[in-house]
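What the coordinates show
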There are 2 protein chains.
Amino acid sequence: MTTQTMVYPEYYTETIHGKHEYLDLGHFEFEMGASLPNAKLAYKTHGRLNAAKDNAILFPHMYSGTPLAMERFIGEGRPLDPDKYFIILPGQFGNGFSSSPSNTPPPSDRGAFPQVTIGDDVRAQHLLVTETFGIEKLQLVLGWSMGAEQTYEWAVRYPDMVLRAIPFAGTAKTTPHDWLFVRMHENVIKADPAWRGGFYDDPAEVRAGLKAHAEVWSVMGVTQQFYKNEDWREVGFSSLDDFMRNLWEAWFIPMDPNNLLTMAWKWRHGDVSKHAGGDLAAALGRIKAKTFVTPFAGDMFFPVSDLEDEQALIPDSELRVIDSTWGHFAMFAMTDRDREAIDTVIGDLLATKIAT
Amino acid sequence: MTTQTMVYPEYYTETIHGKHEYLDLGHFEFEMGASLPNAKLAYKTHGRLNAAKDNAILFPHMYSGTPLAMERFIGEGRPLDPDKYFIILPGQFGNGFSSSPSNTPPPSDRGAFPQVTIGDDVRAQHLLVTETFGIEKLQLVLGWSMGAEQTYEWAVRYPDMVLRAIPFAGTAKTTPHDWLFVRMHENVIKADPAWRGGFYDDPAEVRAGLKAHAEVWSVMGVTQQFYKNEDWREVGFSSLDDFMRNLWEAWFIPMDPNNLLTMAWKWRHGDVSKHAGGDLAAALGRIKAKTFVTPFAGDMFFPVSDLEDEQALIPDSELRVIDSTWGHFAMFAMTDRDREAIDTVIGDLLATKIAT
């Protein structure tokens, strides 16, 4: 056995994440002022765009994810049915496939990668949707956590294009507590001396920081009750240590620290009120989509009350709370129960007729 | 201005914390197997022990505290009235006044200080109460957080001595989630290379770790709603940054990292079920004290449901939930509202007649 086999395998590969398509964004200017000369947007699609181009759904992904994580909600006979819909899964900047610290050449590599916003993701996705595919209206935009931030950004920025929206477990404007939480999980990575301001040679060098980052997520990611009930048993883990290692660490440690930091900074600065001079009510008031705001009970970053506050500002909206001891991670859909609850929300909204 | 005036002043001084008394514990054996040749228990008292020795109250303190933190609940005309009661405020091991990494000479100094348990604290306090003061029964044992752990340990270990008990925002047996939380805040200190396995020369060297530790507490210590409401304004902070620096950092950064780690390890391993072969119901079933189990709504380390689960196992008990956006830190009593709510619980229990 060589040393190589003892470390996590290379993570950002199509072997692990599946085949992507790439949109060449050319010289792309980010909202914070920097630009990349050859930016790219990685994405996947499922199903076929019909001739009327009116069967498209957009499903951006969460922090630390790739489109792969959203594919678990797509399937024949399920609400996101590729026989019926053309489902676009865009990769966010920083995910390791779209332009990211880990795949961008100097001078914008690693610790020099620019700050990116949710608005940048959505503008790139808008190019994909309109120019690549010629789509004028999306039947549904949905997403979990940072995917919810992108969903809100779509619904506020392009209100005439989004017929339906489901932000799961995420906010239109990052709350102060969420901001503090995200900054904390950035800081535990940066506290690792091996991070070196982002200029490490190999992500594996920053393993201590990545482990600390996984630890933060283990504390905040699922509910207190989850651990007390030992609900990890239900999904096949044999001990708390097994769960810590083979869920949290196995998920986060193979990743690139700078990629995570790029996404985290973006998350923390999510705020659709920027489109209305800081007035969140005015920004959310622009949404024309029929919207199901869907918190997960017991979510420590996105408490039900925070989502309820925003839902109250969205004209044609409902609050749909999903009860799960998995808290924020209900959308990992580790149990049939969680997967079915999420499918029900998606199915109910897609069944709603929209006057266009 | 010299460099010296630019750092936090020396923290573990009677100038800051007030005058203590000291019980010489001699050669004291800890439950985990280590011992100290000249252990000491620092404490304060308020009021006078009466001739019958039946007016004593014991009020141990929380993580990162000293008896000073409990004095804010003592006052003439208040439930903890020194004109009526003899109130003993013991310092826990690791608090910087009782035997601690910061005040113990080699070979048990700093990173070599032994692991200490809640049971060790309570055994030392029992010597103080019985041998120093000759007290046979305590009218009330109460405490917040780690003080609640000590309260439970007293009520289970010495059920005939404790007439009344109030565990505020703490558990008899550390829950798995709380265990993970505490380990996380230990680990962010240890991640600072300057910690050097505990063998730093000056706590100020570990400032980055202490700052990270303060950051963890800022995320978990008060509720999400607290930050959203900007409730820090009510108590005189002018901005979120002001609150972060001048509450969280000002509180935690002057402390000794090894002292914090000693208390944290002790917290994490709190478990009265050890007295009944691991059977928590049997252990709590031994409690004879009239007990008010008092969670703070929205407390992220000690959710109401966790305290409710334990309360259900205590024979003569009630659940008294205190509602505050301060969450776990309601017991900082930064608002009159919180102080009065806590005083009400104490007053109500002290007014209850106990058949002795």
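In this report, we go over the structure that sits alongside the text.

Further remarks concern the relation of the copies chain B and chain A. By a simple turn and slide, chain B fits onto chain A: the slide is 0.0 Å along the axis, the RMSD is 0.0 Å, and the turn is 180°. Expressed as an axis order, the relation between the two copies is that of a two-fold axis. When the interface residues of chain B are mapped onto chain A, 100% of them again fall at the interface, so both copies present the same face.

Attention shifts here to the environment of B:Lys19. Residue and element names in this part refer to chain B. Examined against the element boundaries, Lys19 turns out to sit in the loop between α1 (14–17) and β1 (21–29). Placed 49 residues apart in sequence, Lys19 and Leu68 show a C-alpha to C-alpha distance of 9.6 Å. If we skip the residues at most four places from it in the chain, Lys19 touches Glu14 and Lys44.

Each partner contributes residues to the interface: chain B has 27 residues there, and chain A has 27 residues. Of the roughly 2,500 Å² buried between chain B and chain A on both sides combined, carbon and sulfur atoms contribute 66%. Counting the surface chain B buries against chain A, the share from its top three residues, B:His177, B:Gln224 and B:Lys228, is 23%. Applying the counting rule to chain B against chain A returns 6 salt bridges. The residue B:Lys228 makes a salt bridge to A:Asp309 at a minimum N-O spacing of 2.9 Å.

What follows covers the sheet that holds strand β8 (residues 317–319) of chain B. Residues and elements named next belong to chain B. Pairing is mixed across the open sheet formed by 8 strands, whose spatial order is β1-β2-β4-β3-β5-β6-β7-β8. Of all the strands in the sheet, the pair left with one neighbour each is β1 and β8. Recorded for the sheet is a direction-independent mean angle of 20° between the axes of neighbouring strands. Summarising the sheet, strand β7 (residues 290–293) and β8 pair through 3 bridges and their orientation is parallel. What sits directly across from Thr291, in β8, is Ser317. The strands touched by helix α3 (residues 146–157) within the sheet are β3 (56–58), β5 (140–144), β6 (164–168) and β7, with β5 carrying the most contacts at an inclination of about 150°. On top of the sheet, helix α10 (residues 304–311) reaches β7 and β8; it is set at about 165° to β8, its chief contact.

Moving on, we get to the sheet that holds strand β5 (residues 140–144) of chain A. Residue and element names in this part refer to chain A. Sheet architecture is open: 8 strands sit in the order β1-β2-β4-β3-β5-β6-β7-β8, paired in mixed fashion. Single-partner strands in this sheet number two, and they are β1 (21–29) and β8 (317–319). When the angles between neighbouring strand axes are averaged without regard to direction, this sheet yields 20°. Where strand β3 (residues 56–58) lies against β5, 2 bridges are found, and the strand directions are parallel.

What follows is about the packing of helix α5 (residues 207–220) of chain A against helix α4 (residues 176–190) of chain B. One can describe the packing of α5(A) onto α4(B) by two numbers: an axis separation of 9 Å at closest approach and a directional angle of 150°. One way to sum up the angle between α5(A) and α4(B) is to call them roughly antiparallel. Between α5(A) and α4(B) the crossing geometry is left-handed. For the pair formed by α5(A) and α4(B), the contact residues are A:Glu215, A:Val216, A:Ser218 and A:Val219 on the first element and B:His177, B:Leu180, B:Phe181, B:Arg183, B:Met184 and B:Asn187 on the second.

So, on to the side chain of A:Gln150. Residue and element names in this part refer to chain A. Mapped onto the elements of the fold, Gln150 is located in helix α3 (residues 146–157). Judged by its relative accessible area of 0%, Gln150 is buried. Engagement of the side chain of Gln150 in a polar contact is seen with the backbone oxygen of His61, the distance being 3.2 Å. Look past the residues within four positions of Gln150 in its chain and what remains in contact with it is Pro60, His61, Gln92, Ile118, Asp121, Val122 and Gln125.

Conventions used here
- Residues numbered from 1 in each chain as written.
- Chains lettered and ligands numbered in written order.
- Predicted model: local features only at pLDDT ≥ 70, side-chain atom pairs only at ≥ 80, totals over all residues.
- Heavy atoms only, no water.
- Least-squares fit on C-alpha atoms with pLDDT ≥ 70 in both.
- Contact = heavy atoms within 4.5 Å.
- Helix = DSSP H or I, 4+ residues; strand = E, 2+ residues; numbered from the N terminus.
- Buried area = accessible area lost by both parts, 1.4 Å probe.
- Salt bridge = Lys/Arg side-chain N within 4 Å of Asp/Glu carboxyl O.
- Pairing = 2+ DSSP bridges.
- Axes fitted to C-alpha atoms, helices over the stretch in contact; angles between N-to-C directions.
- Parallel < 35°, antiparallel > 145°, perpendicular 65-115°, else oblique.
- Left-handed = near helix turned anticlockwise from the far one by under 90°.
- Buried < 20%, exposed > 50% of the residue type's maximum accessible area, 1.4 Å probe, protein only.
- Polar contact = N/O pair within 3.5 Å; in protein donor to acceptor, adjacent residues only side chain to side chain.

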